[in-house]
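# Tertiary structure, described
Residues per chain are reported as follows:
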Amino acid sequence: MNWYQYSAENLAEKLDVNMDKGLSSKQAESRLKKLGPNKLEEGKSINVLLLFFRQFQDFMVLVLLAATLISGLLGEYVDAVAIMAIVFVNAVLGFFQEQKAEKSLSKLKELSAPHAQVLRDGSWIKVPSADLVMGDIVKVTSGDRLSADLRLIKTSGLEVEESSLTGESLPVLKHENHLMDETLELGDQANMAFSGTLVTRGSGVGVVVGTGMKTAMGQIASLLVQTSRKPTPLERKLAELGKILIFTALLLTAFVVVVGVYRGHPLYEMFLAGVSLAVAAIPEGLPAIVTVALSLGVQRMIKKKAIVRKLSAVETLGCASVICSDKTGTMTENQMTVKQVSTIEDHLYVTGEGYDPFGAFFERDIETNVREIPGINRMLLYGSLCNHASILKRDDRYLVDGDPTEGALKVVGYKAGITEEQMKEWKVTYEIPFDSDRKRMTVIAEHQNGERVVIVKGAPDVLLPRSTSIYSSSGQRPLKPKDEREVENILSTMTNQALRTIAICYKTLKKGQSYNNFELEKDLTFMGITGIIDPPRKEVKRAIDDCRQAGIKTVMITGDHAKTAHAIARDLELMPEGGRVVEGAQLSSMSDDQLEAIIDETYVFARVTPHHKLRIVNAFQNRGHVVAMTGDGVNDAPAIKASDIGISMGQSGTDVAKEASSLVLLDDNFATIRSAIQEGRNIYENIRKFIRYLLASNVGEILVMLFAMFLALPLPLVPVQILWVNLVTDGLPAMALGLDQSERNVMKRPPRSPGEGVFARGLGFKIISRGFMIGIVTLIAFMMAYQGNPERLLYAQTVAFSTLVVAQLIHVFDCRSERSVFARNPFSNLYLLGAVLSSVLLMLVVIYYDPLHEVFHTMDLPIRDWLFITALGAIPTFLWGFSKK
Ligand code: ATP
């Protein structure tokens, strides 16, 4: 028998599950053990050994190894072994770097792994989707990506998009009744919902009947191609740049070799020196360090509650010039409390904080018993019936489970004395769920005595036009223009106080008559409006201000009423003098050109529907902006995707929104976007810092050799010294630069232009000028020590080696700021201090530890030489110390 043929009772029996309580945690555990996790099998990961050997793939490293082998065969054993050892250590480091990058990327994947709502031991809990087992009872709602095959047992307007399985792109309406046919295609199994498909509307409950590879999706999983990570724009740019650099380095090295041979150096000696120089000068490690810097930055962002789903977003974040943010829950607390309740006759204030179900009603200053006001009493009862939220008590705190707006309505119901028993007299038999497009929710509720009412709750300006009568103490009467004006006055008073408003309407249904959705929501009786406070998050005002100083405009986008939105924008100081509020209806009547013409002065978009968001993103982009856009619902996905940085909400966001986004805010908080942008800018700056350091060092190394050859001098550095410098002096400090904190002014500069090249803003000049000077001072040190006397060669080479190392290690502090070497406290990056100190120490070991003299072609230096070496080494950095260039 197929799962869709089972009735609910048979299903419970077959899967051994209690339909009211779900599985027990014990049952779930033993099933998980037996059947394995609910996961699709993934392709094999790359073998660790292979990853290690990949480090030697680089062409120049192979040439170096070959050259070393030759020199070993020619009797230069010590050199050969030293070079081999350095190459090996280099490979080990590269390997660990790649492993780290790989690991942090997979950690990211884990963090964004999906969860499911499941009934276990009688209560609904959230578990990782991988832990679902056969027989689990699972709740799904609009925006969920299903992670197991379900036989549905309850549905409420549930629509599922199954294109990934059936190719059908239109959503399919689901139901819970069992089907009799023997053979039904997947697309026709209307009481089933399949893993990998997407809930686009409504909600439902189902029993898990297939997990992991045993799902319909699992059967075709082998057909799904695993997409590998695409390199980020910066990584791609650097790969391109790498090619140019390799070519240049090779050309210069070849030049060094040719000139050297022409000047009489032995070919073999020059060949080994040239190859070592090429290995040192080619920044083959650059892409790996960039990946490490990006992924380390990503980990720092996680600590600040931002999860990067696409590495490329880290770079784009630094370019953001506009943030379009939802209001509710992102800029505000999403802690909703009803503060006012008004009918056309009564206007009450409600006391109490948060979701605590205690509070009183006041009319002006006099406490009122709402039970004696039938209009309000009934309205609040209806507000609690047309409602999915429940209030829970945990650790002496009252929390809402479900939509906070609905939670607030439940709480005000409790305050008015509405009891669970009273509500149990009613049964909801039909529902049209809330969505941001419709801005309303409708149910049919049936009383035990047979009374049947439609309850509609939603935005007052949406419900008023659907109402033809109004509820008053004398009963229901036709809605007159005067009443409409009065309702608008009430609405205006509430919205001006930044209250979120929900109106409640109803209509009694005739017995036995059936209605379609359209008929249900017309000719309503308007009962009244509740005014809900949702205070702005404390940290948001400051974050908006920080963004403003960083040249980033913040725009509020909300489904809420324009005046409510305006009042909150005022509280948050989001809008400058002359800023505009544009409503969804206005936006719909504008052409794209008209929208673009006003978008720069618009700060609030109110009463918008999700599809407006896409137009807003496009309009900003056409005005040349880099746009970050937040969203949480299914319908937000297109706008999130179209924006440059799509941002979704970790707590309230749907799977669909998360999948479309490149950044997830774990705490749904606007201020986290600011932190992520700051981090994004910093990561990019750090990447620039080590590129600058590495390339300037390489320029210095090549030039000292080139100049020496031109001047017919002996080799100022021997191959093993060059390789050592490349490994120790270049490698460690460069990594530490990647961990540098942001400069204090990082959020005081305008956003970086997305088209900007790596060497923009003077970086190219800095690299060449500093590199040139490093080459020159090393050469001067060498010449002064050498004095044309071949007997002093070993000494001179040791001095040149030390000067090169010292010059680079001083220069690394210059790279920390784009302003000047004095702009930063040299002690503020302890990693860098550690890296520099260990490089100095290793240099001293190489120079003063006798057994290494032969290996590194060094000798003891007298102490006074260090004064001279340090003074020379400081010149490249301090020559420009006071200038901005
Ligand atoms: P944002 O886009 O900032 O998150 P929002 O949450 O205010 O804005 P929506 O959720 O689309 O936007 O709500 C729009 C309007 O719909 C609200 O102002 C309110 O009047 C009404 N509304 C909100 N939630 C419900 C609900 N659960 N049932 C009925 N109506 C609702």
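Residues numbered from 1 in each chain as written. Predicted model: local features only at pLDDT ≥ 70, side-chain atom pairs only at ≥ 80, totals over all residues. Heavy atoms only, no water.

## Structural notes on the environment of Thr-141
Mapping Thr-141 onto the fold places it in strand S3 (residues 137-141). Considering only alpha carbons, one finds Thr-141 and Thr-155, 14 residues apart in sequence, at a separation of 9.7 Å. Here Thr-141 is in contact with Val-199, Gly-202 and Ser-203, once residues within four sequence places are set aside. (Helix = DSSP H or I, 4+ residues; strand = E, 2+ residues; numbered from the N terminus. Contact = heavy atoms within 4.5 Å.)

## Observations concerning the pairing of strand S7 (residues 198-210)
Consecutive side chains along a regular strand alternate between the two faces of the sheet. Counting buried positions along S7 yields eleven of 13 residues, so the element is predominantly enclosed. Judged from the five bridges that link them, S3 and S7 form a sheet pairing that is antiparallel. Directly across from Lys-139, in S7, lies its bridge partner Val-205. The sheet contact formed by strand S4 (residues 149-161) and S7 spans ten bridges and is antiparallel. Note that in S7 the partner of Ser-156 across the bridge is Ser-203. (Buried < 20%, exposed > 50% of the residue type's maximum accessible area, 1.4 Å probe, protein only. Pairing = 2+ DSSP bridges.)

## Overview of helix H21 (residues 592-599)
Among the residues of H21, Leu-595, Glu-596, Ile-598 and Ile-599 are the ones counted as buried. Next to the buried residues of H21 lie strand S23 (553-557), strand S24 (580-583), helix H20 (584-589), strand S25 (602-606) and helix H22 (610-622).

## Digging into the domain arrangement of the protein
Segmentation of the protein into domains returns domain 1 (3-43 + 114-220), domain 2 (306-332 + 537-668), domain 3 (337-533) and domain 4 (686-884). Each of domain 2 and domain 4 was reduced to a C-alpha centroid, and the two centroids are 45 Å apart. The partner domain 4 presents eight residues to the ten residues of domain 2 that form the contact. Taken together, the two surfaces of domain 2 and domain 4 that pack against each other cover about 690 Å², and 59% of this comes from carbon and sulfur. The three residues of domain 2 that bury the most area against domain 4 are Cys-319, Gln-549 and Ala-550, which together make up 57% of that side's buried surface. Applying the counting criterion to the domain 2 and domain 4 interface returns zero salt bridges. Here domain 2 and domain 4 share three residue pairs in polar contact (both at pLDDT 80 or more) between them. (Domains from an automatic or database assignment. Buried area = accessible area lost by both parts, 1.4 Å probe. Salt bridge = Lys/Arg side-chain N within 4 Å of Asp/Glu carboxyl O. Polar contact = N/O pair within 3.5 Å; in protein donor to acceptor, adjacent residues only side chain to side chain.)

## Brief notes about helix H26 (residues 719-737)
Over its 19 residues, H26 runs 26 Å from end to end, which matches the ideal 27 Å to within 8%, given 1.5 Å per residue. Where H26 bends most, the angle comes to about 30°, and this point is Gly-731, followed within four residues by the proline Pro-733. When you tally the buried positions in H26, you get 16 out of 19 residues, the bulk of the element. (Expected span 1.5 Å × (residues − 1). Bend = angle between axes of the 7 residues up to and from the residue.)

## Comments concerning the sheet that holds strand S8 (residues 306-308)
Hydrogen bonds between backbone groups are what pair the strands of a sheet, and the pairing can be parallel or antiparallel. One open sheet holds the eight strands; their spatial order is S8-S28-S27-S26-S9-S23-S25-S24, and the pairing between them is mixed. Each having just a single partner strand, S8 and S24 make up the two edges of the open sheet. Averaged over neighbouring strand pairs, the angle between their axes works out to 20° when direction is ignored. Here H21 sits on the sheet in contact with S23, S24 and S25, set at roughly 130° to S25. Sheet strands touched by H22: strand S9 (322-326), S23, S25 and strand S26 (627-631). Its angle to S26, the strand with the most contacts, is close to 170°. (Axes fitted to C-alpha atoms, helices over the stretch in contact; angles between N-to-C directions.)

## Here we look at the site of the ligand
In the vicinity of the ligand there are 19 residues, among which Lys-327, Asp-403, Arg-500, Thr-501 and Asp-560 approach most closely. One nitrogen or oxygen atom from the side chain of Asp-560 is found 2.7 Å from an oxygen atom belonging to the ligand. Here Arg-607 contributes a side-chain N or O atom positioned 3.3 Å from an oxygen atom of the ligand. In the complex, 92% of the free accessible area of the ligand, which totals 620 Å², lies under the protein chains. It is strand S21 (residues 500-508) that provides the largest number of residues to the shell around the ligand, a total of three residues. (Near = heavy atom within 4 Å. Areas by Shrake-Rupley, 256 points an atom, 1.4 Å probe, with all protein chains shown as cover.)

## Section: unusual backbone geometry
With a phi angle near 50°, Asp-395 is a residue other than glycine that sits in the positive phi range. With respect to the helices and strands, Asp-395 occurs in the loop between strand S14 (390-394) and strand S15 (397-401). Although it is not a glycine, Asp-396 adopts a positive phi angle of roughly 65°. When you line up the elements, Asp-396 lands in the loop between S14 and S15.

## Observations concerning the packing of helix H12 (residues 374-385) against helix H13 (residues 404-415)
Direction vectors running N to C along H12 and H13 enclose 140°, while the axes themselves pass 8 Å from each other. Here H12 is positioned oblique relative to H13, judged by the angle of their axes. The hand of the H12/H13 crossing is left-handed. Across the interface between the two elements, Leu-380, Gly-383 and Ser-384 from H12 touch Leu-409, Lys-410, Val-412 and Gly-413 from H13. For the contact of H12 with H13, the residue count by class is three nonpolar, three polar and one charged. (Parallel < 35°, antiparallel > 145°, perpendicular 65-115°, else oblique. Left-handed = near helix turned anticlockwise from the far one by under 90°. Nonpolar A, V, L, I, M, F, W, Y, C, P; charged D, E, K, R; others polar.)

## Focus: the pattern of salt bridges
According to the stated counting rule, one finds 36 salt bridges in the structure shown. In this structure, the salt-bridge partner of Glu-521 is Arg-440, at a minimum N-O distance of 2.9 Å. Placement of Glu-521 in the loop between helix H17 (517-520) and strand S22 (524-533) and of Arg-440 in strand S17 (residues 440-447) is noted, with a sequence separation of 81 residues between them. Judged by its relative accessible area of 10%, Arg-440 is buried. Between Asp-545 and Arg-548 there is a salt bridge, with its nearest N and O atoms 3.1 Å apart. With a gap of three residues between them, Asp-545 and Arg-548 both fall in helix H18 (residues 540-549), about one helical turn apart. Taken together, the shared-partner salt bridges in this structure form one network comprising Glu-685, Arg-688, Glu-743, Arg-749, Glu-756 and Arg-761.

## Regarding the pairing of S9
Burial runs high along S9: five of the five residues are buried. Note that S9 and S23 share five bridges and pair parallel. Considered in S23, the bridge of Asp-326 is made with Ile-557. With three bridges connecting them, S9 and S26 associate as parallel partners. Following the sheet pairing, Cys-324 is matched in S26 by Met-629.

## Points about the nonpolar core
Counting residues in each nonpolar core, the largest one holds 140 residues, and the members touching the most others are Met-556, Leu-574, Ile-687, Phe-690, Met-705, Trp-724 and Phe-801. In terms of domain composition, this core takes at least three residues from each of domain 2 (306-332 + 537-668) and domain 4 (686-884). Ignoring sequence-local partners within four residues, the contact set of Ile-687 consists of Leu-234, Val-290, Ala-293 and Leu-294. Residues Met-379, Leu-380, Val-411 and Trp-426 belong to the second largest nonpolar core, which totals 37 residues. (Core = buried A, V, L, I, M, F, W, Y, C linked by side-chain atoms within 4.5 Å.)

## Topic: a negative patch on the surface
There is a patch of like negative charges on the surface, built from Asp-181, Glu-182, Glu-185 and Asp-188. Among the secondary structure elements, Glu-182 is positioned in the loop between strand S5 (172-173) and strand S6 (192-193). (Patch = residues over 30% accessible without salt bridge, like charges linked within 9 Å, V, L, I, M, F, W, Y side chains within 5 Å. Lys, Arg positive; Asp, Glu negative; His and termini not counted. Charge placed at Lys NZ, Arg CZ, Asp CG, Glu CD.)

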